[in-house]
Amino acid sequence: MAQNTTIPVNVGVVLDFDTSFGKMGLSCIPMALSDFYASHGNYKTRLVLKTRDSRRDVVGAAAAALDLIQNEEVQAIIGPGSSMQANFLIGLGEKAQVPIISFSASSPSLSSLRSQYFIRATLNDSAQVPAIIAIFQAFEWREAVLIYVDNEYGDGIIPYMTDALQGIDVRVTYRSVISPSATDDQIGEELYKLMTMQTRVFIVHLVTPLGSRFFTKADEIGMMEEGYVWILTDGLTDLLSTMDPLVIDSMQGVLGIKPHVPRTKELENFRVRWKRKFQQDHPKDETSELNIFGLWAYDAASALAMAVEKVGATNLSFQKTNISSNSTDLDTIGVSQIGPKLLQSLLSTKFKGLSGDFQIFDGQLHSTAFQIVNVIGKGERGIGFWTPKNGIIRRLNFTNTNPNTYSTSKDNLGAIVWPGEPTYFPKGWVLPVNEKKLKIGVPVKDGFSEFVKVTWDPNTNATKVTGYCIDVFDAVMGSLPYAVPYEYIPFGTPDGKPAGNYNDLIYQVFLKKYDAVVGDTTIVANRSNYVDFTLPYTESGVSMIVPIKDNRSKSAWIFLKPLTWDLWVTSACFFVFIGFVIWVLEHRINEDFRGPPSHQAGTIFWFSFSTMVFAQKERVVSNLARFVMIIWFFVVLILTQSYTASLTSMLTVQQLQPTVTDIKELRAKGEYVGYQQGSFVLGFLKRMNFDESKFRIYNSPEELAELLSKGSANGGIAAAFDEIPYMKLFIAQHCSKYTMVQPTYKFDGFGFAFPRGSPLVQDVSRAVLNVTEGDGMVKIEKEWFGKESSCSDDNGSSLSSNNISLDSFWGLFLIAGVTSSLALIIGIAMFLHKHRVVVMGEDSVSTKIKTLATRFDQKDLSSHTFRIPDQPYSGSTEPMAAVGASPSVTNCSPRPSTFSNQTINDISLSGEQGTFSSDHGGGQSSTTPSRQSSPVIVPAVELVDLNQERTNIPPTSH
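Source: prediction; values computed, not measured.

Visitor: Mind laying out the overall build of the protein chain, listing which residues take part and the relevant values?
Guide: Along its length, the protein chain carries 29 helices and 33 strands. As presented, the protein chain carries roughly 47800 Å² of accessible surface, and 53% of it is formed by carbon and sulfur atoms.

Here it is in structure tokens:
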């Protein structure tokens, strides 16, 4: 009865039937469905597997998938086995909207196809890169060789691996690309090439059959001996259990990375059942071991069964496309009706599978931990784990005192058996055979240890040399295309004192006691007679360093200094000009800009300059004037804020100035000067005609600071001369007290010294350019002189303070000038247009000007500012007739600036009649002025007969 209620759902499986990998998948997938439906007997759907053989071929895999979609109408496809086969199947799945679920296609390049219907039920190869990087950090290896197969699987991980190695300053010295069909002789030839290089750390990313032959050949030619490091990616590490015992014997000491699979009872039970079934299905095959790809196949089938049950089986058909006579098989592919829903269901499926937690993020699985294994004896042994949160750890269930600490310590790993079974871990590179080490002389000094520092171990009497110059030399030699072995030998006495000055050290190369000199040795002419220098790797020159003093101005007129004189004049002119423009635009319509001439002139100046503190009390009613004021307020705001900031800086910020600015001043005053012990600067000072009795020597920055603080008169010095690298280091530590003073005297900086005619000079010089132009040099400088940059910036900013010039504001003044001039022109044009009868009249020019001036001085009674409050504004440019007053008018309480307190008897009338009529309250009446009539306050209205422009109109009283 249950069989009749279930709904079959076709699902395709595309694998290589004749490979152990394919056989494992074909056994795990049916077992997963059997286990799933045994525990979920009430589910209504049942997956029906339709298997196809991809025949180890890309075309075969594509043909199999096309057949499944067209003829079987499968709703999903599990497979294929390789990244190369998946590349084409992804396109088919996208076209038919059929999810392609691969449990083994791990190449990162597949992600670039950006197909939402491709689900990677396995890990992306790039996920293991951080774990490999952590191993490099743990053992501090600085070089690596990448060995990978020349196909989609091999190429995908290389960009990620290379970028990650470069991110921790590990140089990829070589990339060995091996063809999948390479013969043993070709593999041997490539291995011999690797054997001649100095790099001994190899990252191997190969497929299983090729990897087995590769390590067998490597062991045969002697590359599994002491000093070699081999790191396997998970593609080989996961399949170690399936390899031949003879291959495992040839891989002793190899490290490997693989995803961690938690051990559970369910997993152990499944291993036993799977092994029994596999032997029954393939009795002639050798006993195989279940690996993680089989577990991923099991979990992928279970996830698909869950997703199909969630979606249901409402519509399992395919929508066919229109087929023409010229259509190909690809054109006839239908579209699954439940494909989009099934895809979303798969992406949201989450459960605990045999391989661990199963959940798809960004179309693929994500691992929470990788296991680091070591090939020992007949198999592998776990030596630690790597997690994204904690880095390298010994056990997954350990208790970390600081859970946010990311560790790359090799101490967290278990005991490792390296190739050749040495008692120490390999350093990652070896010296060329029969090549002697170069003896590199380094100076012994007490101060400025950031450049070179020699320390002795009292127990072993071993020496350790560190410093900026040493790191630069190591980086330069490491960038050479060939290996140059060398060792540092301090130029000192048995008790740790310097054995001579720098000239003596350089001379040892000429005497062939040293093969080179590395340190803070400056390239100078007399030394080049004995050695050849490389190109310099530091800034060049000798500079003078002196104390600085606060030179803040105490002048009573300092308030004038923030602005230059041209900016002061320009600002004053614009204040007056803006005041004039506002007066012109407001005079006829605004009582605040009217009055006696002296009052109006004062208003112009008062109004314009009061805007400087935004204290103007006069209203602005004209739109043109308002527009001008908007622009002017912005200009004034910027100007006043800039002035305030500059003045504040002058009064509060230290204005530091050097106490001495000229070398001639030192000589003239007979001041004491200092130089570093053993430096060539002594000869430079003698050539500059300084009195030798005025020299004082220092050995360290602390001694230099003490001498400068005492001063020349108190047993100290007034100035010190030294090379720029030393001076910058000193300034970085004392930037608030001392500064370098120009000029800088030209010298060639620090360089490495080799014997004259040495063939290394040219290559090392070229390497110096590569290092100094790269990011590595910046990192070295930050490591040793990390505080210099910020301190120098602060010092530089305190040494200068410039006042503000017109160049910084001419743009603002230009905008203000143009807008105000434009508003003035528009205002004048409107006035002339309104009185165009006068302009176009036949009077003389002087009469017209006088008439226009008279009219300009009068109020513009047509403006809204002078209209009666209860009279609607008509917008007409003609004056209104006066209307009879009524009690309602007197109760309006008009603004004083809007209405004139004149009686009706004071109104000037223009026209032929001595009376005027008024419509008030809906009736008409004729009114004659009389003494008995009580005076009524009305607006001062001037009646103008436009047909009699020649009539002289007396001005309204103010």
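Visitor: Give me the lowdown on the confidence of the model for the protein chain, citing residues and values where you can.
Guide: For the protein chain, mean pLDDT is 79; residues scoring 70 or higher make up 82% of the total. Overall, residues 788-801 carries pLDDT values under 50, and its contacts beyond four positions in sequence, including any with other chains, amount to 20 contacts. The low-confidence segment residues 873-958, where pLDDT is below 50, has 97 contacts with residues more than four positions distant or belonging to other chains.

Visitor: Please provide a residue-by-residue account of the nonpolar core, values included.
Guide: Counting 83 residues, the largest nonpolar core has L47, F136, W141, L165, F270 and L304 as the members making the most contacts within it. Per-element tally for this core: the top contributor is helix 12 (residues 292-311), with 13 residues. The residues touching L304, leaving out its near neighbours within four places in the chain, are V11, L47, A76, I78, I101, L342 and L346. Judged by nonpolar contacts, the second largest core, of 50 residues, contains V444, F448, A705 and M727.

Visitor: Explain the sheet that holds strand 17 (residues 379-387) residue by residue, including any values.
Guide: In space, the eight strands of this open sheet follow the order 7-6-8-9-10-16-17-18, with mixed pairing throughout. Every interior strand has two partners, whereas the edge strands, strand 7 (171-178) and strand 18 (391-393), have only one. The mean angle between the axes of side-by-side strands here comes to 25°, regardless of whether they run parallel or antiparallel. Here helix 5 (residues 129-139) sits on the sheet in contact with strand 6 (143-149), strand 8 (201-205), strand 9 (229-232), strand 10 (255-259), strand 16 (370-376), strand 17 and strand 18, set at roughly 145° to strand 10.

Visitor: Describe the packing of helix 21 (residues 701-710) against helix 22 (residues 724-733), naming the residues involved and giving the relevant values.
Guide: Working note: a packed helix pair is described by the angle between its axes plus the distance between those axes. Put simply, helix 21 and helix 22 touch, their axes get as near as 11 Å, and they point 70° apart. Considering the angle they form, helix 21 stands roughly perpendicular to helix 22. On the side of helix 21, the interface is formed by P701, L704, A705 and L708, while helix 22 contributes M727, F730 and Q733. Considered class by class, the residues forming the contact of helix 21 with helix 22 number six nonpolar, one polar and no charged.

Visitor: Report on the packing of aromatic side chains, specifying residues and quantitative values.
Guide: One pass over the structure, following the stated rule, counts 40 aromatic pairs. Ring centres of F139 and W141 lie 4.9 Å apart, and the angle between their planes is 15°; on these two criteria the pair is classed as stacked. Of the residues examined, F139 reaches a relative accessible area of 6% and is grouped as buried. Considering the side-chain rings of F575 and W632, the 5.1 Å spacing of their centres and the 90° angle between planes classify their relative orientation as edge-to-face. With F575 in helix 16 (residues 565-586) and W632 in helix 18 (residues 623-652), this pair connects stretches of sequence that are 57 residues apart. The structure contains a cluster of three or more aromatic residues connected by ring pairs, namely F451, Y468, F473, Y486, Y488, Y537, F750 and F752. Note that R696 overlies the ring of Y672, its terminal NZ or CZ placed 3.7 Å from the centroid.

Visitor: Lay out the sheet that holds strand 5 (residues 118-123) with the relevant residues and their values.
Guide: The six strands are arranged 2-1-3-4-5-15 in an open sheet whose pairing can be described as parallel. The open sheet has two edge strands, strand 2 (45-53) and strand 15 (364-365), and neither has a second partner. Bridge analysis of strand 1 (residues 7-15) against strand 2 gives nine bridges, and the strand direction is parallel. Along strand 2, the bridge assignment pairs P8 with R46. Helix 2 (residues 20-39) contacts strand 1, strand 2 and strand 3 (77-78) of the sheet and is inclined by roughly 170° relative to strand 2.

Visitor: Before we move on, could you go through unusual backbone geometry and cite the residues and values that matter?
Guide: For the bond running from G79 to P80, omega is 0°, close enough to zero to count as cis. Considering the arrangement of structural elements, one finds P80 in the loop between strand 3 and helix 4 (83-96). Located in the positive-phi region is R55, a residue other than glycine, with phi close to 55°. Relative to the elements of secondary structure, R55 occurs in the loop between strand 2 and helix 3 (58-72). One non-glycine residue, Q97, lies in positive phi territory at about 55°. Given a relative accessible area of 25%, Q97 falls into the partly exposed group.

Visitor: Got a sec to walk through helix 7 (residues 184-195)? Specific residues and values, please.
Guide: Here helix 7 spans 16 Å end to end across 12 residues, near enough to the 16 Å set by a 1.5 Å rise per residue. Within helix 7 the residues assigned to the buried category are I187, G188, E190, L191 and L194. One side of helix 7 carries all its buried residues, which in axial view fall inside an arc of 165°. The exposed residues of helix 7 that point more than 90 degrees off its buried face are D185 and E189. Contacts from the buried residues of helix 7 go to strand 6, strand 7, strand 8, helix 8 (208-221) and strand 9.

What counts, and where the lines are drawn
Starting from 1, residues in each chain are numbered consecutively following that chain's sequence as written. Per-residue local features are limited, in this predicted model, to residues with pLDDT of at least 70; the limit for side-chain atom pairs, both in listing and counting, is 80 or more; totals at the level of whole chains, interfaces and linings are taken over all residues. As a convention, hydrogens and water are excluded, and side-chain values are obtained from all of the structure's heavy atoms. Per the convention used, a helix needs a DSSP run of H or I reaching at least four residues, while a strand needs a run of E reaching at least two, with both numbered from the N terminus. Throughout, the Shrake-Rupley method with a 1.4 Å probe supplies accessible areas, and for residues the shown protein chains are the sole cover considered. You can read pLDDT as the predictor saying how much it trusts each residue, on a scale of 0 to 100. Only heavy atoms matter for contacts: two residues are in contact if any of them lie within 4.5 Å across the pair. Nine residue types can take part in a nonpolar core, namely buried Ala, Val, Leu, Ile, Met, Phe, Trp, Tyr and Cys, and a core is a set of them joined through side-chain atoms within 4.5 Å. For every residue, the accessible area obtained with a 1.4 Å probe (protein chains only) is divided by the maximum for its type, and the residue is called buried under 20%, exposed over 50%, and partly exposed between those limits. A pair of strands is treated as paired once DSSP finds two or more bridges between them. Helix axes are fitted only over the stretch in contact, all axes being lines through C-alpha atoms; the angle between N-to-C directions runs from 0 to 180 degrees. The scheme is simple: roughly parallel for angles under 35 degrees, roughly antiparallel for over 145, roughly perpendicular for 65 to 115, oblique for anything else. When residues are sorted by character, Ala, Val, Leu, Ile, Met, Phe, Trp, Tyr, Cys and Pro go into the nonpolar class, Asp, Glu, Lys and Arg into the charged class, and all the rest, Gly among them, into the polar class. Aromatic contacts are taken between Phe, Tyr and Trp rings whose centres are within 6.5 Å, Trp giving its six-membered ring; a plane angle under 30 degrees counts as stacked, one over 60 as edge-to-face, and the others as tilted. Two limits define a charge over a ring: the Lys NZ or Arg CZ must be within 6 Å of the ring centre, and within 35 degrees of the ring normal. Expected helix span is computed as 1.5 Å times (number of residues minus one). Our arc is simply the arc of the directions from the helix axis toward the C-beta atoms.

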